[in-house]
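# Observations on the model geometry
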Amino acid sequence: MIYPKKYDVIVIGGGHAGCEAALISARLGINTLMLTIALDSIGAMSCNPAIGGLAKGHLVKEVDVFGGEMARNIDETGLQFKILNRSKGPAVWSSRAQADMTAYKLRMKYVLERQENLDIKQETVDEIIVEDNKVVGVATNIGNEYMCNAVVVTTGTFMKGKIFIGLNEYKAGRAWEPPSEKLSDSLRRLGLRVDRLKTGTTPRLDARTIDFDSLKIQPGDDEPIPFSFKTRNFNRPNMPCYLAYTNETTHKIILQNLDQSPLYSGMVESVGPRYCPSIEDKVVKFFEKKQHQIFLEPQDERSTEIYADGLHTSLGYEVQLKFLRSMKGLEHVEIMRPGYAIEYDFVDPTQLKHSLETKNISGLFLAGQINGTSGYEEAAAQGIIAGINAAFYIQKKEPFIVGRDEAYTGVLIDDLVTKGTKEPYRMFTSRAEYRLILREDNTQLRLAKKAYNAGLMSKEYYEIVQEQKIKIEETVKKLKTTYIFPNDNTNKKLKELGTEIIKTKTDLAKLLRRTEISYDKLREIMPNLEELEPFIKQEVEIDLKYEGYLNLQKQQIEKFKKYEDLKIPKDFDYNSVGGLSNEVKGKLMEVRPVSIGQAIRIPGVTPAAISIIVVHLKKLSDGRIKNSA
């Protein structure tokens, strides 16, 4: 059957990437269809019951500014909220929240089902239909064909997914859910390079069988901060997590049973996540460590299921139970669901443009774990960009490109399409070279204009952000032009505040740059200073305390932009450039960088090769100018 209704955009998959892609496409007025293997699993959290974390919190807030749902969804369903790295600088502050996994997916499903311009159907897509290198539709497992002009593929771990528990294996896209067996073959026939990756999850434990009194409690923040900048009247519970530890007995049990691990028996040959290793890997590779910490996290406000974060494993059920019971507080624990490893197909992301559209097939976009990433937040960030660009493709608008100097989302996508990945990619603050500017706290300030100009933010909210920005700038200017003088009264106040006295006329901005001085302390010295709302106060303090570093990064960004502005033509013939090695030519022709800046970031492309290309581009440019004259 060829379905009678034609869609503009079809989103394949209902995970975190699929939800954001489908919602933003529909919100932009595009007639959208989501096709998913299981309606009940829309928005499901396959692994950990948390949103955010180091660098991941940045991605969630960026999705929020671009009109996404993840931030609002966790604000409505979170069980505990925490700012990580508070003791360090603002560049690495990161929000994290424990989620009620059941409530999270139910609310996301509720939002999707009520979104105008969006239809949702439960079918498995087997084939992408392409004519003249353009997407025209999809075919499903029950014989239906849906016609469309663009497709966003967000299949997560479902393409030829295979689960391993000990020496047992079975086909699945997620535990106890069917895989997609034919779609990756369709992508291969379309000329895309497809490979395999692996990830895993932890056993889920029965809270009734855990001795929490013997474990260390880990509460959230007393004054939690929401993820979404639009959330008001925020009042969520503060359910505790608990800290447990492996020990030498635990490690001995694991080492004695490595022959039952598919990772070490040769059953799994694909590469797993280096930064989220299994407990088997931890014990083998960090043999000298006597213990590893495990976070016991609630999965649901009403359920007894506990997620054992840090215990990813694919060992056999009996071994999992044995090593768990060797740990303090878990002596009588019962497993509700065993941990497992999963192997799945993914597409080499260097075949994508920065818009996440494939280079060779118009209208085909990929987002999420299909591009080699790991994590809900990385998936959501790609999903919203792919969804925006699928909509813009339909509307014949220029692609919505986010630079690595603008957002963590830009870093994520640029890393994928420029460098590719041989292991599940995870976002870290260290991946962002401009992280002092790309902070969590200023996300809406730095991205509001871009979002508004693209039609992703309402005029009302944009004006609120602009008012905040003006207030911050005015306050900074005022502090730089307001002075205090070295009299007895002033210096007495300074001593009381635990800071050095002044000997000359000093502006308030200079005083605020001192580590021990805050804006509130400035008001003790000068009571007529205006009381500011907490967010404005925080931004003023950061702008002044880190002003030197911020200015340095702005200079670095300007230098970076010069390279990004040196565009390389799509049909540039690298074989015609003398002096380039065959290896460098191969890398450049594989990635097809759009600029000298991107070419610089390709692994293996040397500075000497870049210089040669720049000279060649200049000659081409000079030749075009002469010919046109």
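Residues numbered from 1 in each chain as written. Predicted model: local features only at pLDDT ≥ 70, side-chain atom pairs only at ≥ 80, totals over all residues. Heavy atoms only, no water.

## A few points about the overall build of the chain
- A count of helical and extended segments in the chain gives 21 helices and 23 strands.
- Over its C-alpha atoms the chain spans a radius of gyration of 27 Å, differing by no more than 12% from the 25 Å that the globule rule assigns to 629 residues.
- Along the first, second and third principal axes, the C-alpha atoms of the chain reach 85 × 85 × 50 Å.
- Taking all 629 residues of the chain together, the buried fraction comes to 57%.
- Taking contacts inside the chain between residues at least 6 apart in sequence as the whole, the part at least 24 apart equals 72%.
- Accessible area of the chain: about 27800 Å², with a carbon and sulfur share of 49%.
- When the 89 basic and 85 acidic side-chain charges of the chain are each reduced to a single mean position, those positions are 5 Å apart. (Helix = DSSP H or I, 4+ residues; strand = E, 2+ residues; numbered from the N terminus. Rg over C-alpha atoms; globule rule 2.2 N^0.38 Å. Buried < 20%, exposed > 50% of the residue type's maximum accessible area, 1.4 Å probe, protein only. Contact = heavy atoms within 4.5 Å. Areas by Shrake-Rupley, 256 points an atom, 1.4 Å probe, with all protein chains shown as cover. Lys, Arg positive; Asp, Glu negative; His and termini not counted. Charge placed at Lys NZ, Arg CZ, Asp CG, Glu CD.)

## Overview of the environment of Asp213
- By the element assignment, Asp213 lies in the loop between strand E14 (204-206) and strand E15 (216-218).
- Along the sequence, Asp213 and Gly329 sit 116 residues apart, while their C-alpha atoms lie 7.8 Å from each other.

## So, the sheet that holds strand E3 (residues 50-52)
- Pairing is antiparallel across the open sheet formed by 3 strands, whose spatial order is E3-E5-E4. Of all strands in the sheet, those with a lone pairing partner are E3 and strand E4 (78-84), marking the two edges. On average, each strand axis in the sheet is tilted by 20° relative to the strand beside it, whichever way the strands run.
- In the packing of helix H3 (residues 70-77) onto the sheet, the strands contacted are E3, E4 and strand E5 (94-99), and the crossing angle to E4 comes to about 120°. (Pairing = 2+ DSSP bridges. Axes fitted to C-alpha atoms, helices over the stretch in contact; angles between N-to-C directions.)

## Some details on the domain arrangement of the chain
- By domain assignment, the chain separates into domain 1 (9-198 + 344-453), domain 2 (204-343), domain 3 (459-553) and domain 4 (566-622).
- Here domain 1 and domain 4 have C-alpha centroids that lie 31 Å from each other.
- On the side of domain 4, 7 residues touch domain 1, which itself brings 10 residues to the contact.
- For the domain 1 face of the interface with domain 4, the top three residues by lost area are Lys359, Thr418 and Lys419, together amounting to 51%.
- The tally of links between domain 1 and domain 4 comes to 2 salt bridges. (Domains from an automatic or database assignment. Buried area = accessible area lost by both parts, 1.4 Å probe. Salt bridge = Lys/Arg side-chain N within 4 Å of Asp/Glu carboxyl O.)

## Here we look at the packing of helix H10 (residues 376-394) against helix H11 (residues 408-419)
- It is the contact of H10 with H11, at a shortest axis distance of 10 Å, that shows an interaxial angle of 85°. Considered as vectors, H10 and H11 are oriented roughly perpendicular to each other. Where H10 abuts H11, its residues Glu378, Ala381, Gln382 and Ile385 lie against Thr409, Leu412, Ile413 and Leu416.
- Broken down by class, the residue content of the contact of H10 with H11 amounts to 5 nonpolar, 2 polar and 1 charged. (Parallel < 35°, antiparallel > 145°, perpendicular 65-115°, else oblique. Nonpolar A, V, L, I, M, F, W, Y, C, P; charged D, E, K, R; others polar.)

## Structural notes on the sheet that holds strand E9 (residues 145-147)
- Strand order across the open sheet formed by 3 strands is E7-E8-E9, with antiparallel pairing between neighbours. Of all strands in the sheet, those with a lone pairing partner are strand E7 (125-131) and E9, marking the two edges. This sheet shows a mean twist of 25° between the axes of neighbouring strands, independent of strand direction.
- Bridge analysis of E7 against strand E8 (residues 134-140) gives 6 bridges, and the strand direction is antiparallel. Bridge pairing in E8 links Val130 to Val135.

## A word on the pairing of strand E13 (residues 194-201)
- Of all 8 residues making up E13, 6 are buried, and the element is well covered by its neighbours.
- Sheet topology note: the E13/strand E20 (residues 340-347) ladder contains 8 bridges and is antiparallel. Across the sheet, Thr201 pairs through a bridge with Tyr340, a residue of E20.

## Here we look at helix H19 (residues 582-591)
- Regarding H19, the residues found buried are Val584, Lys585, Leu588 and Val591. Seen from one end, H19 has its buried residues packed into an arc of 145°, which puts them on one side. Among the exposed residues of H19, those pointing more than 90 degrees away from its buried face are Asn582 and Glu583.
- Just downstream of H19, Arg592 is the residue with a positive phi angle, here 55°. (Arc of directions from axis to C-beta.)

## Details of helix H4 (residues 101-113)
- The end-to-end C-alpha distance of H4 is 18 Å, a good match for the 18 Å that 13 residues give at a rise of 1.5 Å each.
- Of the residues making up H4, those classed as buried are Met101, Tyr104, Met108, Lys109, Val111 and Leu112. Looking straight down H4, one finds its buried side chains confined to an arc of 160°; they lie on one side.
- Here the buried face of H4 lies against helix H1 (16-27), strand E2 (32-36), E3, H3, E5 and strand E6 (118-122). (Expected span 1.5 Å × (residues − 1).)

## Focus: the nonpolar core
- Counting 130 residues, the largest nonpolar core has Ile10, Phe66, Ile128, Val151, Leu364 and Leu479 as its most contacted members.
- For this core, the leading source of residues is H10, giving 12 residues.
- Filtering out sequence-adjacent residues up to four positions away, Val151 remains in contact with Ile10, Ile12, Ile128, Val135, Val138, Gly363, Leu364 and Phe365.
- Counting residues in each nonpolar core, the second largest holds 25 residues, with Tyr242, Met327, Leu330 and Ile335 among its members. (Core = buried A, V, L, I, M, F, W, Y, C linked by side-chain atoms within 4.5 Å.)

## Things to note about the side chain of Lys121
- Take Lys121: it is sitting in strand E6.
- This buried residue, Lys121, is left without a salt bridge; Asp119 holds the nearest opposite charge, at 5.4 Å.
- Here Lys121 is in contact with Tyr3, Tyr7, Leu33, Met34, Leu35, Thr36, Leu39 and Tyr146, once residues within four sequence places are set aside.

## Considerations on the pairing of E2
- Here E2 lies mainly inside the structure; 5 of its 5 residues are buried.
- Along E2, one buried face is formed by Thr32, Met34 and Thr36 and the opposite face, lined by Leu33 and Leu35, is buried too.
- The pairing of strand E1 (residues 9-12) with E2 spans 4 bridges and is classified as parallel. Residue pairing in the sheet places Val9 in a bridge with Thr32 of E2.
- A crossover connection joins E1 to the parallel E2 through H1; in handedness this β-α-β unit is right-handed.
- As judged from the 5 bridges shared by E2 and E6, these two strands associate in the parallel manner. Looking at the pairing, Thr36 lines up with Gln122 of E6. (Right-handed = clockwise from strand over helix to strand, strands pointing away.)

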